[in-house]
Structure formats: structure tokens, C-alpha cells
Amino acid sequence: MDNNTIKIKRVLLVPLDPVHDVALKILNRKLRDRGHETILLPPDIPLEEIISRLTEIDNLDFILVSRTLGYGVAELLGKFIDLAEAAKIRDKAKIVLGGKAITPQLAAELGFDKGFGAGTDFDEIIAFIEGREFLRERDSLFRKKISIPASHNYHYKNNRIRRLLNEITDEIIQWGENKSSPGIERAKLRENMITISQDDKLTDEEKNQKIKVLKEKYIAYCDEKIVRFYERGLLPDKVRKLSSEEIGKLNLYIQQQKQNINFKQMRHMQLLPLVFVQYGTGCPIMDIAHIKTSEAWGADGVFHFDPSWGARTEGLLEGILSHEEDGSIITWENLAKIKSSLHKETLWTVRAHRGLNTPETTVIAGRLGADLTKIHIVYGSLNGGTDPARLTIDGLKAIQFAAKYNMPFDEPTNEELGGVPAYKSFAGLLIIADLALKLKAQPILKPLFCYSPDVMISGKMDDNYIDYNVAKIKSLRSIIDAPIWPGEPIGFMTHSEDRVQSTLSTALHSALAISLQVDAITIASSDEAYSRGPISLASRIDTLRGAQEVFRFLGKAKIKPTGKAKEYEKEITEGIEKTLEKVAKRGSFVDALYEGLLGSPQDGAYPGRAGRDTVFEG
Amino acid sequence: MESNSKVIGILGTAKNTGKTTTFNFLLEWSNSEKIKPGLTSIGYDGEDIDNINGLPKPRIFIEKGNTIATAEQCLFPLKDRIEIIEKTSVNTALGRVIIGKAKKEGMVILAGPNKGIDLQTIIQKLKQQRVELILVDGALNRMIPLIHCDALIIATGASRHTDIGLLVDEIESMTRVFNLPEWGKEDIYKDEIREYKNNILIFQKNGCLKQLSGHSLLSQKTFSNLISIINDPEYDGVYIPGIIQETILKKIADKYYQLFQGKTIIINNPTFLLIGSREINHLKDLIGDLLNKGINIKTLYNLPILAVTINPFYPKYDRLRKGSYEMASIDRLQLHEQMTGRVTFPVINIKEKESSKLLMEVKKFLKSGNR
């Protein structure tokens, strides 16, 4: 804002505290910079003397009091406000309270006109003093949805690799023509059911009738576990419906959180990387608590994780369901409830990537307005447990749905964690990315920032965690200009049961990510690997704070790798090319998956069995 | 049209002294007697967990048809249960104060006006809703806004001090201040008091008056000005519209009593003297001392105290688990006995049978004429 348009205010700053007056000193400088007239009292003056001085100062607009809370301090502040009123100071000036433990509720209890607590931006206080709306301005500054692919043109820089990919993906598309699967049929039926349920021209009765017909067809493509639900209302083990009372309270909780949320700024001076966290506690209520907490502590986006059995079961359930174990069940209603809890600028991604419900999940995510999804045929086939042919056809269709609903999708190369070397998993990554580009979708490359079995064996990280991770990013960048989002989460396999160690490791990997200017990162909580159950919110906050701190620490400075990084980069790029040559030569992408060309049993990759022999012509 | 409803405020000596318990007791009674209540608070009440010590607090349960005044942010979660009658222009840290009526029974959070002038506005708004009894819950040790009520109940207890002697001394001192006689000459000087509301006024025996700069007796400078003038035997009284500090009053009693002998010090209202004291406990002796030395203290406004409620429980700081508190108690019988012996108002523990005594006092007050 132009300083000329600000109405000058007279502000008195009172450090009502024995020692802590730094915040008021900073505020004092900032207010003066904006042309306001300020008086800063020294700390630790008795109440009566402060009041006496205040009565002698004319035309004050604001009195800013700062105080840390402690035993008896509430009464002290209560007395201050009473004294100010009796001395007629409140008639002229608004009295504002600030301090680490101050909340709006506490300010109300103490009788102050406004309260600012931990996490307050100085600009927020200045906006209040100047009578400006603050949230809008701050939203536009740092909480704004960004399209991850927007700043990339997907142009290839390595022509040999481009030609190989072109050959392989042409074959995949050709192979997929006229093929379908139960998963694809369900996705189409689900899409129709959603369309009908949202059709305003139909009466409820007409909707129900039409949906009933489709539902019968849908059930014919489901596993017994799901059929039992639709026909007899029986839910799988450890799954239950939330009661209407629970849902009512959840709605209230969402409303309250939306009202009270106060966002922390994740990055310092930088625009990237966006920071994502995953949720999937099993319970939508707990998930929403995690989401709202993550948003408040600065996360840009959140990921939905479903239970692993969801990927191996044909068909999806319905309703707001809670699951006693890891992974939150994918249903339209669960996802809709979670979506309703999100801040409008929070990026939301629903992973579809690896199982028998990949196309249907993509449809639900798309229809609910998810920003992103996650699809990866190679990982899902080799380490995700799904049959390669089945996931290839389902993946093809899911990518088309992602394109239709304008959801960029990321490809996690988690087969590296099974033992597949990075260059092989990158070959698979690039195949699916190229396939997506042909299908007019927007792929996001997701190399791992991890301490994988392959590097442990080959000793590539014996000296440091930097060189090899740098090499991976640089290699991909030398091939194509595509968005890169290391995950999933960064620092995989470097965590321990020690929360401090785990937080620090995530923070340092975040530092490397920002130094490399990648587009986004996914971070784990500090107890994610060892929680033995749902992760705790405190641990969730640990790593968000850790990442924030290194972003502040590093600013625009860079981490410098050793000369090894260049060697590794060359090695990886050559490995990618060799792998692609073999796949192209094989002439069948699906067979290449079965035969281990993109990751073999020796590497630690095993073609999945779920959905074997379910691909059909038609 | 406004009703003639009366306003009872609950003033605490500290946090957790039992204000909301007393408030709830009267609320429940008024609902059972079909006396239409209007409810507000000068703080933040009805939350389940205390904002400061994290201990459970009494919730506020209202019946269908009850009228409340609370901040919009507290009303938001209740918007299905409360019909909004008016969005007032009174602002708080939690948004504007809303007047609402319960469509259904349930819990509410009350966070109303935070200063006297705003409380006055809200009381008028509640009266427009034709309520019959307005209850104003206090906050912490805050007392200044409550002067706009018609009567007060003082809540004290172990949360203020765990030393029963100190507790009793304090209440006895407060009793003394609230029992100060009203000045009775305000009609003569009505216009002047209104015109010079921001100035200390010195009255002459001949009916003239002189004004001093400053409205509170807080600084040595103002006090020096005062004594240089009051020296004149022509002056017979001084009115202090703002705070009067206990230390200055003590100086008058100890050093300058001859200057003030036979003269009257008039305060605006009892809370302006209480707030000026670091240790309220000493006020009873100080007032006694002044009277013995021939110095009168009177108050321009006053309001009746209906009762003193006592709460033997207090949150005890847990030294082993830093930052946490646990419930503890002092001897409730001792507290009751000593307090009753020294305080002229009825002393009541709301949690005991004697709570009916409080209702008797309230009924008596409601029947009495308007102030």
C-alpha cells in the first residue's frame, strides 16, 4: 500500500513484562517506517505509573500491550484494563494485547479490544491498526494454489531418449485399444451414477431408479467383500459407519477450524517448493484434524492415502466410513467430507495409482474437484501388487480421466525402495510421463529422495545424502523440462524412532530440495516410520516446522554437491537410455514388466497378482 | 419499549472464584420461576476448558426462549439454535456483540461487552427484549464495567488466596468500600459534575467550585496541586471522578490529615477506589483511620451487594508437571465461619444448602423499588 494513503495513527507500546520487549521494538520500527507516531515505554513499569503516564498523553489511537503469561498474570492484565477504563483511557484508545500465549478468546476474557498470539505476523497487527483487512492480503501473498506443471513446457532435451519413449508408448496405446477391465467398467458406471445424482432435472425417485439399475451392473464387477456390503449391508472387518452424532460434531469442528485458522508461512523468500503431507489415519475425523493442523502450520497441500487392501479389492464402498487401521477408505462421501474441510487454497491430491480401483478413484477425485491425483503403472505393477496387464489398461484409462478432469498427476517411483536402481525406475517413470503427454495429461515426475537399498549396496551415499539425490534431479532435468516433486516422503529410510533425528533429516532433505528449486516435496511426520499406528499431530508439526526453519536458514543460498554428483548423473542417464532400449527392443511394454526389464526379482521387484487375467476385449 | 428489569452483576476477586457457578445457579432459578432472563458476560464464559490453566470450567446451559448477548464468533457454531435478533455496534476481540434468542435449549459461550459504556448499551438492548432479570457474568478480577449493574454479588475463594485471613480481610475491606455513604449533594452540583467529568473538582463552602487538571489521583503532581488548594479553609470537599490511589489516600491519612479535617473526599463509585489499591485488604483500616481523623469519604454512586459467595476450591500449580494445574481445596467450614463473622453481607457457598439464602436476597432485591 502507498504510504500516502495511510491515516497516521498515534500508538503507544507498553511492554508489561519484566524483560520481553523485542517484539514491541520490532513493531515500533515497522510502525514508524509506515509513518505512524509511536511511543515505546521501557519495560517493567508498575501498572499505576503506566496508567498515570497514559492519562497525560493526548490523542492516542492504540495502546499495544505485550505480556507473556504466567502465574497471576491474567489478574494483572484484568487490573490493567480496569485501571485504563477507570482512568478514562478506554474512551479514546483501543487497547490491544499481544504475547505468545494470547488467543482471541483470552483477549475477550481479559476485556481487551483485540488479541494477537503466537504465529501473528507483524503486518497483521499493522493492518489492524490501519483498519485494513489482513487475511485477504496474506492469502494472496502466500496461500495461493499454484499449478505445478504451469512453469514447464514438457520439451525433451535428450532426443535419443525421446525417440525410444515414443516407440514404447505408441506400442502401449496400440495394445490398449479395445481392451477393458472390471475396474474400467466400474469407473464408467460410477461416472454415470455421479452424473445422475447431480442432475437437477431428475426427481429423487427418478434418480434412485436410474442409479439402482447402474448399481446392479456395478456390483457384478465387484469382489465378494464389496458385494456383501451392497447386498446385505455388511461392512468389511474393522470398518464402521460414523454415527450422525459424530458427523454433526465433525461438521461443527470443521466450521470452527475454518473460523479460527491462522496460517503459518512455510517458505521464507522463495516461491517453491510446495510442501505436501499425507493423511490416511483411517478415520475421516482424525484426517481432518491432521489436515487442518497441517494447513495451519504451513502445508500447501495434502494427500489422501487409502488402506492397502483397497488396492487389492475390486470395487469401492459407500458412506462416511472409519477404518481402524492405516489408510482412509475411498468413498465418494468420505472424500466429499474431507474436501469440505479444506481451505480454498489448499492443494488436494487423491492417490489412485496402484490398484484395482485406479480409474474409479480418478473419476471420484475428478468429480469432487481434486487438484491432483497419483497414477503410476510401473510401480503399481512391480511393487504395488497389481497385475501388470491389468494396471496397464487401468492406468491408461485413469490417465485419460485425469486429463478429462484436468488433474495433473504425480508418478511415485517407490519401486526404488524395493531395491530397483534409480535409473530403471526412472525409465518406467519417463515411459508413463510420455504416455500421459500423448493422452494430453500433465505428468509430474516423482523421484525419491531416499536412502534406498540400491545406494546402500552400491555405496553411493556412503559419504553424503546430497550427491546422488542431486544427480537424480539433474539427470531428469537433462532429459525433459517437466515438474519434479521429490517424495514420497523425502528422506525415506533415513528416519529413526528418534523424533529429533527424523525431523532434522526431513529438514535437511527439504534444504536440498529448495536448493535444487524443485516444484514440490512431500514430507513425513517425525513418527511416520515408527508410530505403530496413527501418527501424532505433534510429530506432524515437527517436520513442518523443521522444513520451515531450513527454508528460513537457507534463503536463496545453495547446497554445493561434490564432483561425484556429475558422475552419478551421467551414470543414471546412461542407465535410463539402456533400459529404454531393452524395453523398446522387447516390443511389448506389458511383457517387459512381467519379464523384469524395469525391475526384476533380483532387484527386489515382483510382478503383482491382483487382477490377473481380468483384462478383456471390448 | 424497555422493561424495568433489574441487572445483577457477578464480581470476582480472581479467576476460578465461582462467578459462573453463581451465574448458573441464578439462571437455573430464574428459568424455574419463569422469570425471563437476559444473559451476558464481560469476559468469556461457558467454555469447557479454561483459557489459562486448562482446567474444566462450568458450562452455561440456557433454556429455549432465553435471551443472550454474545460475540458473533461465539454465536457462529450455535447459529442453528439461536435466532439472531440484533447485530449491535458493540465490538469485542471476538467480533460484534449479537442479541439472540434460543430456539432450543443447549450450551452457549458468553463473551459480551468488555467496557462499562458498552455494557450499558447491551443492558438497554436486553431490556428492549422485555427480559425480567439481567445477569452479567464477570471476568477474572475485573470490576469496573459492572458498576452499570443494579446490584452485585461478590464471588471470592481460595483461588484468590489460600490464606483464609487474607481472603476475609479483603472482603471486609470491599464491604467497607461498598458501604460508603452516598454523597447526597449531587443534585446541587449535577450540571458541574457532568460538565467537568474529566476534572477533579474542589467545592467551596459558598457553593462555588474549582477544577483541577486531571481526573484521577495517581501522580504526585496532581496530588501536590490538590493539597496546595485544599489548604484553604474555604474548601469543604473534593470530588475525584477517576481513580484514587490507595497510596495517596494513605499519605492523606498519615501526613496531610490536618488539611483535610472536616472535609469530604468524594469518589465516583466504590470500584474506582478498589482499583486504585494494590492491597485491598488494607482499605478497611485506611478508611477507619481517615474517619477517626475527621475526614469523610463518600461516593457519588453506589450499588447494593446482595451477597458474598465463597468457593473453597482452587487450581493448584503442579510443580512436578510444569505448566499444569490440579484441583485443591482449603477448609470450607473455617472459610465460612470467619467470613460470616466479619462481613455484613450474607455469606453463601453455592454448593451447600444455604444457597437458598441467596435466592431470598435476590427475591428481596427484585421486589424493591428502582434505584
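These figures come from a predicted structure and were not determined experimentally.

A separate point is the overall build of chain B. Secondary structure summary: chain B contains twelve helices and 18 strands in total. When the 371 residues of chain B are sorted by exposure, 49% land in the buried category. Look at the contacts in chain B between residues 6 or more apart in sequence, and 76% of them connect residues 24 or more apart.

Looking now at the overall build of chain A. The helix and strand inventory of chain A stands at 25 helices and 18 strands. For chain A, the proportion of its 618 residues judged to be buried stands at 52%. Partitioning the intrachain contacts of chain A with sequence separation of at least 6 by distance along the chain shows that 76% fall at a separation of at least 24.

This part takes up helix 7 (residues 159-176) of chain A. All names here are of chain A. Helix length check: helix 7, at 18 residues, gives a terminal C-alpha distance of 26 Å against a target of 26 Å (1.5 Å per residue), a fit within 8%. Within helix 7, the full set of buried residues consists of Ile161, Leu164, Leu165, Ile168, Thr169, Ile172 and Gly176. Taken end-on, helix 7 shows its buried residues confined to a sector of 120 degrees, consistent with a single buried face. Of the exposed residues in helix 7, those oriented more than 90 degrees away from the buried face are Asn159 and Gln174. Here the buried face of helix 7 lies against strand 6 (179-180), helix 17 (388-404), helix 19 (422-438), helix 21 (466-479), helix 24 (564-586) and helix 25 (589-594).

Attention now goes to the interface of chain B and chain A. It is common to give the size of an interface as the accessible area that goes away when the parts come together. In this complex, chain B contributes 37 residues to the contact, which on the side of chain A involves 35 residues. Split by residue class, the side of chain B that touches chain A holds 20 nonpolar, 14 polar and three charged.

We now examine the confidence of the model for chain B. Model confidence for chain B is summarised by a mean pLDDT of 89, while 96% of its residues fall at 70 or above. The complex prediction reports pTM at 0.63, with the ipTM value standing at 0.91.

Residues and elements named next belong to chain A. Here seven strands make up an open sheet; going across it, the order is 14-13-12-11-9-8-17 and the pairing parallel. Across the chains shown, the open sheet's two edge strands, defined by having one partner strand only, are strand 14 (443-446) and strand 17 (520-523). Along the sheet, successive strands turn relative to each other by an average axial angle of 30 degrees, direction set aside. Where strand 8 (residues 274-279) lies against strand 9 (residues 301-304), four bridges are found, and the strand directions are parallel. Considered in strand 9, the bridge of tyrosine 279 is made with histidine 304.

This next bit is on the sheet that holds strand 12 (residues 235-240) of chain B. All names here are of chain B. Strand order in this open sheet of five strands is 11-10-12-13-14, and the pairing throughout is mixed. In this open sheet, the two edge strands, each paired with only one partner strand, are strand 11 (209-212) and strand 14 (296-299). Averaged over all neighbouring strand pairs, the angle between strand axes comes to 20 degrees, with direction disregarded. The pairing of strand 12 with strand 13 (residues 264-267) spans four bridges and is parallel. Within the sheet, the bridge partner assigned to isoleucine 240 lies in strand 13 and is isoleucine 267.

With that settled, the discussion passes to helix 1 (residues 19-32) of chain B. Residue and element names in this part refer to chain B. Taking 1.5 Å per residue as the helical rise, helix 1 with its 14 residues ought to reach 20 Å, and the 20 Å between its terminal C-alpha atoms agrees with that figure. Within helix 1, ten of the 14 residues are buried, which leaves the element mostly enclosed by the surrounding structure. Buried within helix 1 we find Lys19, Thr20, Thr21, Thr22, Phe23, Asn24, Phe25, Leu26, Leu27 and Ser30.

Moving on, we come to the packing of helix 11 (residues 244-260) of chain A against helix 12 (residues 284-296) of chain A. Residues and elements named next belong to chain A. The interhelical angle for the contact between helix 11 and helix 12, taken along N-to-C directions, is 5 degrees, at an axis separation of 11 Å. Accordingly, the angle class assigned to the pair helix 11 and helix 12 is roughly parallel. Residues Glu246, Leu250, Ile254 and Gln257 of helix 11 lie in contact with helix 12, whose contacting residues are Ile285, Ile288 and Lys292. Its residues assigned to classes, the contact of helix 11 with helix 12 comprises four nonpolar, one polar and two charged.

All right, on to the pairing of strand 15 (residues 305-311) of chain B then. All names here are of chain B. In terms of residue burial, strand 15 counts as a mostly covered element, since seven of its seven residues are buried. Both strand 9 (residues 151-157) and strand 15 contribute to a ladder of six bridges, which runs parallel. Note on strand 15: the bridge partner recorded for isoleucine 153 is alanine 307. Strand direction decides the pairing type here: strand 15 and strand 18 (residues 347-348), joined by two bridges, are parallel. Paired with threonine 309 across the strands is isoleucine 348, a residue of strand 18.

Now for the pairing of strand 6 (residues 95-102) of chain B. Residues and elements named next belong to chain B. Note: strand 4 (residues 67-71) against strand 6, five bridges, orientation antiparallel. Across the sheet, residue alanine 69 finds its bridge partner in strand 6, namely isoleucine 99. Pairing geometry for strand 5 (residues 82-92) and strand 6, over seven bridges, is antiparallel. Within strand 6, the position partnered with isoleucine 82 by the bridge is alanine 102. Hairpin connection, strand 5 to strand 6: the antiparallel pair is bridged by two residues.

Our focus in this paragraph is unusual backbone geometry. With an omega dihedral of 0 degrees, the bond running from Leu272(A) to Pro273(A) counts as a cis peptide bond. Mapped onto the secondary structure, Pro273(A) falls in the loop between helix 11 and strand 8. A cis amide bond links Glu488(A) to the next residue, Pro489(A), at an omega of 0 degrees. Locating Pro489(A) in the fold gives a position in strand 16 (residues 487-492). With a phi close to 60 degrees, Asn16(B) is a non-glycine residue in the positive phi region. Structurally, the position occupied by Asn16(B) is in the loop between strand 1 (6-12) and helix 1.

All names here are of chain A. The residue leucine 382 is located in helix 16 (residues 377-382) in this model. Here leucine 382 falls in the buried class, since 33 other C-beta atoms lie within 10 Å of it. On a C-alpha basis, the gap between leucine 382 and glycine 418 in space is 9.2 Å, while along the polypeptide they are 36 residues apart. With near-sequence residues (within four places) excluded, leucine 382 lies in contact with Glu415, Leu593, Leu598, Gly599, Ala605, Tyr606 and Pro607.

Residues and elements named next belong to chain B. Mapped onto the secondary structure, threonine 22 falls in helix 1. By the C-beta count within 10 Å, which is 27 here, threonine 22 ends up buried. Taking C-alpha positions, threonine 22 is 9.8 Å from isoleucine 310, a pair spaced 288 residues apart along the chain.

Packed helix pairs are specified by the crossing angle of their axes together with the interaxial distance, meaning the distance between the axes. Residue and element names in this part refer to chain A. Packing of helix 22 (residues 499-515) against helix 23 (residues 537-554) brings their axes to within 8 Å, and their N-to-C directions diverge by 40 degrees. Accordingly, the angle class assigned to the pair helix 22 and helix 23 is oblique. When you trace helix 22 past helix 23, the crossing you get is right-handed. Seen from helix 22, the contacting residues are Arg499, Thr503, Leu504, Thr506, Ala507, Leu508, Ser510, Ala511, Ile514 and Ser515; seen from helix 23, they are Ser539, Asp542, Thr543, Gly546, Ala547, Glu549, Val550, Phe551 and Leu554. Classifying every residue of the contact of helix 22 with helix 23 by side-chain character gives nine nonpolar, seven polar and three charged.

What counts as what
- Residues numbered from 1 in each chain as written.
- Chains lettered and ligands numbered in written order.
- Predicted model: local features only at pLDDT ≥ 70, side-chain atom pairs only at ≥ 80, totals over all residues.
- Helix = DSSP H or I, 4+ residues; strand = E, 2+ residues; numbered from the N terminus.
- Buried ≥ 20, exposed ≤ 12 C-beta atoms within 10 Å, placed from the backbone.
- Contact = placed C-beta atoms within 7 Å.
- Expected span 1.5 Å × (residues − 1).
- Arc of directions from axis to C-beta.
- Nonpolar A, V, L, I, M, F, W, Y, C, P; charged D, E, K, R; others polar.
- pLDDT = per-residue confidence, 0-100.
- Pairing = 2+ DSSP bridges.
- Axes fitted to C-alpha atoms, helices over the stretch in contact; angles between N-to-C directions.
- Parallel < 35°, antiparallel > 145°, perpendicular 65-115°, else oblique.
- Left-handed = near helix turned anticlockwise from the far one by under 90°.

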